[in-house]
Amino acid sequence: MKNMDSYTHVRGESLYVDDVNVRQGTFHAVVFDSSKAHGKIKSIDYSEAQALEGVERIFTYKDIPGENEIGGIIKDEPLFAEREVHFWGMPIALIVAESEFIARKARGLVKIDIEELPIITTAKQAKENDSLITKPRSFSLGDAEKAFADCDYVFEGETFSNGQEHLYIEAQGAYAEPLENGNIKITSSTQGPTAVQKTVAQVLGIAMHKIEVDVTRLGGGFGGKEDQATPWAVMAALAAYHLNQSVKLILNRHDDLRMTGKRHPYESSYKIGLSKDLKILAYEAEFLQNAGAAADLSPAVAERTLFHATNSYYIPNVEVAVASCKTNLPPNTAFRGFGGPQGMFVIEAAIAKAAHEIGIPTRRIQEANLLDDNDVFSYGQIATKVEAKNTWKSATATFNIAALEKEVEDFNASNSAFKKGLALMPICFGISFTNTPMNHARALVHIYLDGSIGISTAAVEMGQGVNTKMMQIAADVFSIPIEKIKIETTNTTRVANTSPSAASSTADLNGKATLKACKVLLKRLKTVAATYLKVTAEQITLKDEFVYIEDKKSKFEWTQLISMAMLERVALTENAHYATPEIHFDKTKEKGHPFAYHVYGTAIITATVDCMRGTYEFDSVKIVHDYGKSMSEGIDLGQVEGALAQGIGWMTMEEIAYNDEGRLLSNALSTYKIPDIFSVPKEVEVIPVETQGHELAILKSKAVGEPPLMYGIGAYFAIQNAIKAFNSNYDLKFHAPMTPEKVLMGLYENPNTSQH
Ligand code: LUZ
Ligand code: MOS
């Protein structure tokens, strides 16, 4: 089945925040932000800006009737700076005018005097200065220290992985509309409508029921709108509240890039110990997360780094620790994978380093340590229904790894200007919000008089196709065509107190709730049919819009059944709640069973490096992926391909750069390179692993949003294997992304004079 949104997408009819029909007299807003990364505000002069014709009003923290606070996990983030600024791009005021053009012009007229304070831009500097967001956390299994003493090989090293810009095509934005009695309706491009509702209520000092948040769809989120869609909605609401007029605030690309946080850069160190037969006996790692100037979701992201620190390997002795380091960068935030990729990069680096030093192919160590049923993760969960070996075996056999390696060898033997490299990348990703209480959702299903259906859930459509999956579920339960089902906008008045659409869990949580509601309605309808047809409800089934009695089609149609139910005064609306069973986690012990299940897979990536230029191409990526039993193959394949491209981008080309003053240098698409049609792998082949799926996945179809991003880590190592084929003196690097500049330097480096 196609993604149902594709029809309106290709016609240009899909609606985003900027497409909302605004009320007459709507004002437009622009954010005035800090042009220093850290400092004391000595004075601000808004007079010239205020005097500009068309400027309505300028709002600052002084106009906040409630709390000047937007922090989610920790209350450490003001909506507007008061006396100090903590990052370049930190909002200070909101300029509201008749047009965005005028507001922008007025912004240029604001005069500000900031007395600069010392700034910190890296996690290491922050750690040295004891600048931490929260207390560091650690997971521990066995006795790593003791185990290292028994190892035949021990290697240590340091790694760096850079941030990543979300680059959703639709920038951050919101439209706030005052209704009667002080109520406000907000149309927001957010993954978390409830977070917006709650924060607006808190900042305005009013009850949540006065705030309605509505989301049609997002032009991409990728985690960037899990927490950081909130401030813009709050600002628009604040202005609408004071002006009693609608206000639209949409960031332009430059403002968005400068003001919003990104994936967290990590500086990490590791120690890995192996036996002669290549079993990893002990692993230690310390992760320094660059959290930026406020907590945002950083502690949760840090936690997921620990959960994924050993990727898809069983390691009996583990000691991993993470510190969220406070720096003067924009608060970094959720990004597809949510700290998992950062953790997995380090173990893959450690394994590559070990293989390089021992002088064997990396894949021999990877293969020797793959997770199995009944192995324990460092956080206490026992692995079940593990597909690590399954996907590995299937990938290496189906795609004939020996032949692929021979191809690479033969190519390298007969070419000097180009070299090929190959790498394997197994993945294991835990599905559930790591914060157990967040794992729930609701669905509200109406069957209308004519037999058509409207479904509201907490799921936010952001291109991932969740609406299509919800339709499939209902269509399947009632056995009616998809055209009879509509997925409503995500709205806090219909589905309240929701978790954000995140953690790859949206289809599972909301799908299970939808399934539950539909099944209750089905049961009710069967009873109506049974009474009318004078049989028992158990004898009734619905098929292709007809009522069947014991597999025999009756003349009784779906629409007649609905009319009959109305006459019988049967409720045609149902609301269902679903909370993931079985999961729990005890943070005092750092042990538990936090994930409903894990998603596995194995990728084989081949790269060709141009040894004159340092540029590279990915010849092919061949994947065996654990979809469970995919309910929507087209959508799921799209998620794997998209995540792979995004992962390759993070690892090989996307280079976030701040200067020493904390100013974003990669502030446009001319200075920030994302994967495009020319840089995606020339061939991508994805096949499903044979499996029974998992009962906690919706219709046994496993979560697919985030896990495949981590296949991209393989690209980093494939490139380095190509460099090694050209320069036998090359020393492996663990400083991502592997940009063409770094490749070029690696091709011609002489380790005797190298810095590394
Ligand atoms: N968001 C969140 C997430 O709040 N908790 C999580 O565990 C998570 N995991 C992945 C992506 N977003
Ligand atoms: Mo996310 S990183 O699932 O918002």
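Cut-offs and rules
- Residues numbered from 1 in each chain as written.
- Chains lettered and ligands numbered in written order.
- Predicted model: local features only at pLDDT ≥ 70, side-chain atom pairs only at ≥ 80, totals over all residues.
- Helix = DSSP H or I, 4+ residues; strand = E, 2+ residues; numbered from the N terminus.
- Axes fitted to C-alpha atoms, helices over the stretch in contact; angles between N-to-C directions.
- Left-handed = near helix turned anticlockwise from the far one by under 90°.
- Contact = placed C-beta atoms within 7 Å.
- Nonpolar A, V, L, I, M, F, W, Y, C, P; charged D, E, K, R; others polar.
- UniProt positions renumbered as here; feature names shortened; annotations may be inferred.
- Near = placed C-beta within 6 Å.
- Domains from an automatic or database assignment.
- pLDDT = per-residue confidence, 0-100.
- Expected span 1.5 Å × (residues − 1).
- Buried ≥ 20, exposed ≤ 12 C-beta atoms within 10 Å, placed from the backbone.
- Pairing = 2+ DSSP bridges.

Here's the deal with unusual backbone geometry
Here's step 1: Cis geometry is adopted by the peptide bond preceding P737, which originates at A736 and carries an omega value of 5°.
Here's step 2: Within the chain, F222 stands out as a residue other than glycine whose phi angle is a positive 60°.
Here's step 3: Within the secondary structure, F222 is located in the loop between strand 11 (211-215) and helix 7 (230-243).

A closer look at the packing of helix 9 (residues 298-307) against helix 10 (residues 340-358)
Here's step 1: At a minimum axis distance of 7 Å, the contact between helix 9 and helix 10 shows a crossing angle of 35°. Helix-helix and strand crossings are classified by hand; for helix 9 and helix 10 the assignment is right-handed. Here R304, T305 and L306 of helix 9 lie close against helix 10, whose contacting residues are G340, Q342 and G343.
Here's step 2: Its residues assigned to classes, the contact of helix 9 with helix 10 shows one nonpolar, four polar and one charged.

With respect to the UniProt feature "domain: Aldehyde oxidase/xanthine dehydrogenase a/b hammerhead" (unreviewed entry) in the chain
Here's step 1: The sites that UniProt annotates as "domain: Aldehyde oxidase/xanthine dehydrogenase a/b hammerhead" (unreviewed entry) are residues 11-118.
Here's step 2: Secondary structure content for residues 11-118 is 13% helix and 31% strand, while the C-alpha to C-alpha distance between its ends is 51 Å.

Focus on the site of ligand 1
Here's step 1: Contacts to ligand 1 come from G223, E226, L297, A300, R304, A334, F338, F433, T434, N435, A502 and A503.
Here's step 2: Each residue belonging to the shell around ligand 1 can be placed in one class, and the counts come to seven nonpolar, three polar and two charged.

Digging into the domain arrangement of the chain
Interfaces are often sized by the accessible area lost when the parts come together.
Here's step 1: Structurally, the chain comprises domain 1 (26-118 + 172-250), domain 2 (266-434 + 589-747) and domain 3 (440-579).
Here's step 2: Using only C-alpha atoms to locate each centre, domain 1 and domain 3 end up separated by 39 Å.
Here's step 3: Contacts between the two partners involve 17 residues from domain 1 and, on the opposite side, 14 residues from domain 3.
Here's step 4: Elements with a minimum of two residues in the side of domain 1 that touches domain 3: helix 6 (193-204) and strand 11.
Here's step 5: Residues belonging to the side of domain 1 that touches domain 3 are distributed by class as follows: five nonpolar, eight polar and four charged.

Digging into the confidence of the model for the chain
Here's step 1: Residue-level pLDDT values for the chain average 97, and 99% of them are 70 or greater.
Here's step 2: Taking the mean pLDDT of every element in the chain, the minimum, 95, falls on helix 1 (residues 6-11) and the maximum, 99, on strand 5 (residues 91-97).
Here's step 3: In the predicted assembly, ipTM is 0.94 and pTM is 0.97.

Re the environment of P737
Here's step 1: Structurally, P737 can be placed in the loop between helix 18 (713-726) and helix 19 (740-747).
Here's step 2: Once the C-alpha coordinates of P737 and L297 are considered, the two residues, 440 residues apart in sequence, prove to be 23 Å apart.
Here's step 3: With residues up to four places along the chain from it excluded, the contact list for P737 reads N162, W650, M651, T652, M653, E654 and E655.

What to know about helix 14 (residues 466-478)
Residue pairs spaced three or four apart in an α-helix point in one direction, given the helix's 3.6 residues per turn.
Here's step 1: Given a rise of 1.5 Å per residue, 13 residues ought to cover 18 Å, and the 19 Å separating the end C-alpha atoms of helix 14 matches this to within 8%.
Here's step 2: The buried count for helix 14 comes to ten of 13 residues, which makes it a mostly enclosed element.
Here's step 3: Against strand 18 (453-457), strand 19 (485-487), helix 15 (506-533), strand 21 (540-543) and helix 17 (633-652) lie the buried residues of helix 14.

Things to note about the environment of A103
Here's step 1: Relative to the helices and strands, A103 resides in helix 3 (residues 100-107).
Here's step 2: Expressed as a C-alpha distance, the spacing of A103 and F32, which sit 71 residues apart in the sequence, is 9.6 Å.
Here's step 3: Beyond its immediate sequence surroundings of up to four residues, A103 is in contact with H28, A29, V30, I95, V96 and A97.

Observations regarding the pairing of strand 12 (residues 247-250)
Here's step 1: Judged by which residues are buried, strand 12 turns out to be covered on both faces: V247 and L249 on one side and K248 and I250 on the other are all buried.
Here's step 2: Looking at chain direction, strand 1 (residues 27-33) and strand 12 are connected through two bridges and run parallel. The residue bridging H28 from the neighbouring strand is K248, located in strand 12.
Here's step 3: Bridge analysis of strand 9 (residues 173-178) against strand 12 gives four bridges, and the strand direction is antiparallel.

Comments concerning the sheet that holds strand 17 (residues 440-447)
Here's step 1: The sheet built from four strands is open, its strands ordered 19-18-17-24 with mixed pairing. Edge strands, defined here as strands with exactly one partner in the open sheet, are strand 19 and strand 24 (573-579). The sheet shows a mean angle of 20° between the axes of neighbouring strands, direction not considered.
Here's step 2: With seven bridges connecting them, strand 17 and strand 24 associate as antiparallel partners. Opposite H440, over in strand 24, you have A579 as the bridge partner.
Here's step 3: The strands touched by helix 14 are strand 18 and strand 19; relative to strand 19, the strand with the most contacts, the crossing angle is about 145°.
Here's step 4: Against the sheet, helix 15 touches strand 17, strand 18 and strand 24, its axis set at about 40° to strand 17.

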